[in-house]
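# A structural walkthrough
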Amino acid sequence: MASHGHTIDIFSETRRFERTCPSALIAAVIGVAALAAGFVMKPGGADLRQFMNSYLLAYLFVLSISLGCLFFVLIQHVVAAGWSVVVRRLAEQIAGAMPLMALLVIPIVVFRTELYPWLNPTDEMKHLVEHKRPYLNDTFFIIRVAAYFAVWTLLSRGFLSASLRQDANGDAAISTRLRTLAAPSLILYGVTVSFAAVDFMKALSPMWFSTIFGVYWFAGCALSGFGFLALVAMWVQGSGKLTRAITKEHYHDLGKLMFAFVVFWTYIAFSQYMLIWYANIPEETRWYLVRQSGDWWQVSLALLLGHFCIPFVLFISRHPKRSKATLFIFAVWVLLMHWLDLFYLTRPPEAPEGLLAGTGGGIPLHLLDALCIVGVGGLFWAWVASALARHSLVPERDPWLKESLAFENY
Amino acid sequence: MASIVHDRDNTIETPGRRAPLVTGGHDLHGVTEVVCRVAESRSAPGAWYLTMGVSAALLAALGAMIGYLFFEGVGVWGLNNPVGWGFDITNFVFWVGIGHAGTLISAILYLFRQKWRTGINRFAEAMTIFAVMCAGLFPGIHIGRVWLAFYLFPLPNQMAMWPNFRSPLLWDVFAVGTYFTVSLLFWYMGLIPDLATLRDRAKTKLSAFLYGLFSMGWTGSARHWHRYERAYLILAALSTPLVLSVHSVVSFDFATSVLPGWHTTIFPPYFVAGAIFSGFAMVVMLAIPCRALFGLKDLITLRHLDNMNKVILATGLMVGYAYTTEFFVAWYSGSAWELFAFKARAMGPWWWSYWIMFSCNVFVPQIFWFRWARTSIPVMLVVSVLVNVGMWFERFVIIVTSLSTDFLPSAWDTYWPTWVEAWTMAGSFGLFFFMFGLFCKFLPMVAISEVKAVLPHDAHAGGAGGHGH
Amino acid sequence: MSASTVTQKSTAGPATAPHTLVAEFASADALVRACEQVRNAGYTRWDAHSPYPVHGIDRAIGIRATRLPVLIFLCGATGTTIGVLLQWWTNAVNAGVQFPWVPTFLQGYNFIISGKPYWSFPANIPVIFELTILLSAFGAFFGMLALNGLPQHYNPLLRLDRFRRVTDDRFFISIGLDDPKYGSATRRLLEGAGAAAVEIADDVKESAPPRWFLRAHVMLACFLLIPLAVIAYMRVDKQSQPRIHIVQDMDNQERYTAGKQMANDVFADGRSARPKIAGTLAREDFTQDPHYYQGRVGDQWATGIPMYHPELQRLAGGAAEVNEQLMRRGRDRYAIFCSHCHGLDGAGAGRVATYVVQREIGFVPPKSYADPDVLVRPVGHLFNTITNGIRTMAPHGDQIPVADRWAIVAYVKALQRAQAATIEDVPTEQRSRMTQPK
Amino acid sequence: MFQFPKWMNGLKSALAVGLLAGPAYAVVVVLYGFSPQATDVGYQPVQPIPYSHALHVGKLGIDCRYCHTTVEDAAHAAVPPTQTCMNCHSQIQGRDDRQTANIKKIIDSHTTGKPVHWIRVHDAADFVYFNHAAHINRGVGCVSCHGRVDQMEVVYQQEHLSMQWCLDCHRNPGPHLRPPEFVTKMDWAPDRDPARLASDLAEQYQINPSTDCSTCHR
């Protein structure tokens, strides 16, 4: 690899936090408080169902960030990428929050009857749910959720700890081994993420089906993971760490990845919409009909504009991707849009009658949505921040680190 | 300067040190020599003449079959209700799919800064163009009255008629047409500096004139390179969504319908993955004889083949994911027709074609988990052929099983191709290999300037194949 | 290779003049370093040449970022616009109604297929997308060529054999002799910067295309006018042969149709519309109603119009009596079938009759309806005359449907009545008009 | 070695012009050369008997429907059988040898029963369904499609009969409407504001022509 003396001696600059990170503690306290307040007080006359709806949304949002970063780690390993080493530790730590996510999924499993209609089917859906019983049944659901988190925890913690081990012993063979392992890991990742999409989201409308749905969620995961990763990198640099290691070249690449996945998400979303719209088969169309009736039409439009048109036009040029300020806006924007996307996937009511008649109420945004996102997000941040504080912020002795530091976009 | 050609294993990469992309210790001139001597030599390997002979014969057969078809009408094919698409559209989708690897290598790998693409991008792109030519042939002739093919284009005419833009078949015209045009531009643009190389080395007046004419007076000016590289990058960035759109649109031909087995939302990405899968297999299939016959083993190294085999494995897994998802969702949907359609595929009258497809596309590439298989020429030759067979059958399975057993049992019927269809298909291979043979002999098969840019010669290496954007 | 200074050997041919100073370098590194020096020395008309894009050379020369991306973006936006407008105009606008001034072959066409609305945006996206890409790609490729000034097949640099290695393994700097900074120091600068060789490339002074080249193009242009002339002629001439129909499609099918009234080889007489077979009756001939069909009641000519018949009642607008509507119908049919001989007033001086009588071609003009012989004829007789003809008058039964014949009969009776009319027959309110002097 | 001559660089602009003008030329040739205006209009076959519409219609004022009797009731306007000619020509046999010879062909046809092979001038493709009655009864004059037949010594095709030409009228029928009693009147002109008349007639006869494919291709 060409080197023009751009190599930065990262050992001359700060690359570690102090042992504690105060923001982690604050986030943990706020998170617990918000969740507890939401669950106990149920503001605005909410019931448990409303709380669970909001909780599911917040949880999936955070989970997708974590899964997106896990994808980032795996894909960088499998292709032996050089450029990304300086930000890979951050991604490893974000993905490493999987044990916390496993803990936080418990409310969803416990209160699953509040969320998933197939557990308590209406007369209309009974015969279909009966057909799907071999898959959609209580026991298998719990087994599957357990399996997902077993896989994700294993992968994220495994890759993180191997990387940390390399920090200690500098063994280049670890890189080779991780590269070999990353390929089958990606298969596991793909299968679990797809079925998790079915279980957590598609099963909210047990009569509906779409083969592309797993890919749809994956696109959102990767997008939000990259966005969050860019934000964390900025935060780390804002705290005076890695200020020279992570350059605008790396931000540029992260920006390109976000841009690519904005387009990829659009491609997947359009494919699903187009095919269902065009074929117009009642059992499929119903799902979209709900989402373009009443006020939900505005959410659809907001997604089209916000999740595609606006970022596409604003960030197609290389300049906004190379400036930290504009990339910050881009990252925050895609995270917001991903949240809206999840809201759009999970929240619309299953029964469209009122909506179609035009009498369906507005968009069911609730104070609990905010409380839950603060709660789950706070706990997540507490985990990530404290994990970042415990270890070096870069894989210090990764053999590709030199290439990453010298990396330059042409 | 060109060193002895030999297979050197450069597939193992020590972490921290990139393995060499060019073996044999070639310098700039060495690369020029290796590539140019094919075009400059007065003769060609015997196998080349053999290939050209066979493919010219097949090409003649293609001409005869098409002439016969025009004269007699589409009745000479085995199509009938309910199977209105058979070999024609199967071959169309197959060839379009083959084309995709070229764009993937030239554009997507470029965006991903995969420098190893420089060894193979040129002839992968050529393969794209010839494959798309073969592909364009089939929808063109399957309409029966070819002289009315201009109906497909929005041309002002005396009927005041315009195409129905809401039809997926029309999207095809735009997608495939754009794809062909842009691929051609991309390929030609990459050729310009290399044609200039051939021009500057030309020994005869004719070759100096022809290569000179098409290299348009290229002098390697830094100012020219600057715009050239920017244009190349943007063309790559344009080709990437384009190549995705092409096979997505082809998949729309099926998926916008309501036919069980056709209407499924995963079709667009699944078709794209399958296209890249089969296209890479075709590149491997072509690369193996080419590098051996024309002495290109130093430029198209085992590492290139290894990487391509990894892509075949990855895309094969994606295709397998799609097959499985289709089956799962067919059951999950609870729709009797969906479920029946997939049962009929696996266990109906065409069960054998389904299982050829499944084993060739999903099971066979699994051997590429092993490094010895990825670097063994015989293994990868067999796998790449099988993958192409499997992917051809994939299209056949999708088209024929779904059409032959649709909603109405009383309308079910079978399909069997006639000899005309069989020879037309063989003839399309003739067309492909004939064009490809011409390309191999008379044009630089490897992107000379791009390979030079990734040679580890000095600090200023980089550029076209190098740093991406 | 030593730094030699050789001028290009002049070969036999056109006059040349020194044009560009060319310095050769052995490596990209040397080239970049030399470029920095040349740039710092303030040269403006110069360039570097290399077999591959050299990294960092833009900075060394001071090449500013190209505007090409902007151009490509504009091309892409044009593609998007064309995609939207094309599909909107051709599929979604009923142009003929809204824009009658647009030539029809440029107007759109509305049709619904598979229940999709005329303007179906999701279905329009693929074509919009493809056109965007296509035009962007054109922008990229042709924009690159245009900005680079390509094709430029002749280049003085290519006259230097040494320079030919620029596409192989050597690196060059070229400085135009017209550079304001150019002077004797230039060569020293380049040699000092590590040039392996410095040469001057000559430029051909004058060059004009050969005569044959121009003539060939003029002739080509003339040939291209021939089709236009033929087309212009074809658009105004008349031809007795039908147009050449290479591909029949389904324009003319091999079948006999009544509409085509074509000759038919199946029958000896060649008629495809068959005449009645002798000894058979057509359906309408076989009837129990001689009054309506033959104008007979018993052995006598009928004296009344058979208004009981539904066909006649239909002509009369449902009435069972002779009324104005029936009369109007009779007048129309009379004008079509009778007036050219009998005249509009029934006096027997129609335009045909007058024409042939004047020219003495041998034609017996019809009698006037006011002729006493004719006046006394019952309506059945008149009906029979129309149907079967009388004396030299040919039968018209095949041309005129039965009910229309009765309508004509009614109108003929009215004409006869008019011949013998008095002022009393005119309605009182109209009489003043008739008595007033003109 | 081979050098391109210097003047070749000057061809760039010529090439650009050629690249733009070439397609434009092709468009002109196809659009005008392959148009029915060039290929179909002006078809004037030589009929077996030189029947003059100018004489019979123009001079003698015989109504179109005297011969083309089915035009008001059927899809096609019948070409008259020899019998119709004989209505007059049983008596009128011509003034000079040429006329007599021609009329004799009619008489021969009548006596032998062999039809006169009239050549069809206006022949729409077989995949087009055109109904004369539907047009005549709602006030589309003969002249709109056949031109001034009353002035044609030998009838020729004056209009395109192309799909575009049909659509012209189906999209905007107003200029071609007249009160149905005047359909055969060749020189009819509206006696009041044509636009008003057109809209009145369209309303009265409920003229709202379809441009659906199946209107003509059925």
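Residues numbered from 1 in each chain as written. Chains lettered and ligands numbered in written order. Predicted model: local features only at pLDDT ≥ 70, side-chain atom pairs only at ≥ 80, totals over all residues. Heavy atoms only, no water.

Before going further, it helps to spend a moment on the overall build of chain B. Helices and strands together make up the secondary structure of chain B, namely 15 helices and 0 strands. At 23 Å, chain B has a C-alpha radius of gyration in line with the 23 Å of a compact globule built from 469 residues. In terms of principal-axis extent, the alpha carbons of chain B reach across some 70 × 55 × 40 Å. Across the 469 residues in chain B, those meeting the buried criterion constitute 66%. Considering only contacts within chain B whose residues lie at least 6 apart along the sequence, 81% involve residues at least 24 apart. Roughly 14900 Å² of accessible area belongs to chain B as shown, and the carbon and sulfur atoms make up 72% of that amount. (Helix = DSSP H or I, 4+ residues; strand = E, 2+ residues; numbered from the N terminus. Rg over C-alpha atoms; globule rule 2.2 N^0.38 Å. Buried < 20%, exposed > 50% of the residue type's maximum accessible area, 1.4 Å probe, protein only. Contact = heavy atoms within 4.5 Å. Areas by Shrake-Rupley, 256 points an atom, 1.4 Å probe, with all protein chains shown as cover.)

Residues and elements named next belong to chain C. With respect to the element layout, Val32 can be found in helix α1 (residues 28–40). Classification of Val32 as buried rests on a relative accessible area of 5%. Remark: the alpha-carbon pair of Val32 and Gly115, spanning 83 residues in sequence, is separated by 65 Å.

Taken as a whole and judged by the stated rule, the model has 9 cavities of 30 Å³ or more. Of the volumes computed, that of the largest cavity is approximately 80 Å³. Taken together, Arg199, Ala208, Gly212 and Gly217 of chain B, His153, Tyr154, Asn155, Leu158 and Arg164 of chain C together with Phe2, Gln3 and Phe4 of chain D make up the full set of residues lining the largest cavity. Here the residues of the lining of the largest cavity are counted per class, giving 5 nonpolar, 5 polar and 2 charged. The calculated volume of the second largest cavity comes to roughly 50 Å³. (1 Å grid on protein atoms, 1.4 Å probe; cavity = no way out; pocket = protein on both sides within 12 Å on 5 of 7 lines; lining within 4 Å. Points joined across faces, edges and corners; volume = space filled by probe spheres on them. Nonpolar A, V, L, I, M, F, W, Y, C, P; charged D, E, K, R; others polar.)

Between chain B and chain C, the residue contacts involve 67 residues of the former and 76 residues of the latter. For the pair chain B and chain C, the summed buried surface comes to about 6200 Å²; carbon and sulfur atoms form 66% of the total. The interface formed by chain B and chain C includes 2 salt bridges. One salt bridge in this structure joins Arg164 of chain C and Asp200 of chain B, with 2.9 Å as the shortest N-O distance. (Buried area = accessible area lost by both parts, 1.4 Å probe. Salt bridge = Lys/Arg side-chain N within 4 Å of Asp/Glu carboxyl O.)

A separate point is the interface of chain D and chain C. On the chain C side, the residues contacting the 68 residues of chain D number 71 residues. Summed over the shared surface of chain D and chain C, the number is 3 salt bridges. The interface formed by chain D and chain C includes 28 residue pairs in polar contact (both at pLDDT 80 or more). Sorting the residues of the side of chain D that touches chain C by element identifies α1 (11–33), α2 (36–39), α3 (53–59), α4 (64–67), α5 (82–89) and α9 (163–171) of chain D as the ones contributing at least two each. With 8 residues, α1 of chain D is the single largest residue contributor to the side of chain D that touches chain C. Among the residues forming the side of chain D that touches chain C, the class breakdown is 31 nonpolar, 22 polar and 15 charged. (Polar contact = N/O pair within 3.5 Å; in protein donor to acceptor, adjacent residues only side chain to side chain.)

A word on the side chain of Gln272 of chain A. Tracing the backbone shows Gln272 of chain A in helix α11 (residues 248–279). Separated by 2.9 Å, the side chains of Gln272 of chain A and Tyr288 of chain A make a polar contact. When neighbours within four sequence positions are excluded, Gln272 of chain A is seen to be in contact with Trp208, Ser210, Ile212, Phe213, Trp287 and Tyr288 of chain A together with Thr265 of chain B.

The subject of this paragraph is the pairing of strand β3 (residues 46–49) of chain C. Residue and element names in this part refer to chain C. A two-sided burial pattern is seen for β3, the buried positions comprising Trp46 and Ala48 on one face and Asp47 and His49 on the other. As paired strands, β3 and strand β4 (residues 171–176) are joined by 4 bridges and run antiparallel to one another. The partner of Ala48 across the bridge, within β4, is Ile173. (Pairing = 2+ DSSP bridges.)

Any two side chains of opposite charge can pair, so long as their charged atoms come close to each other. Scanning all chains against the criterion turns up 46 salt bridges over all chains. When the shortest N-O distance is used, the salt bridge between Asp108 of chain D and Lys104 of chain D registers 3.2 Å. Residue Asp108 of chain D and its partner Lys104 of chain D are both found in helix α6 (residues 97–112); the two are separated by 4 residues, about one turn of the helix. Judged by relative accessible area, Asp108 of chain D falls into the partly exposed class, the value being 32%. Lys104 of chain D gets classed as partly exposed once you look at its relative accessible area, which sits at 46%. Salt bridges sharing partners connect three or more residues here, namely Glu24, Arg162, Arg165, Asp169, Arg170 and Glu199 of chain C.

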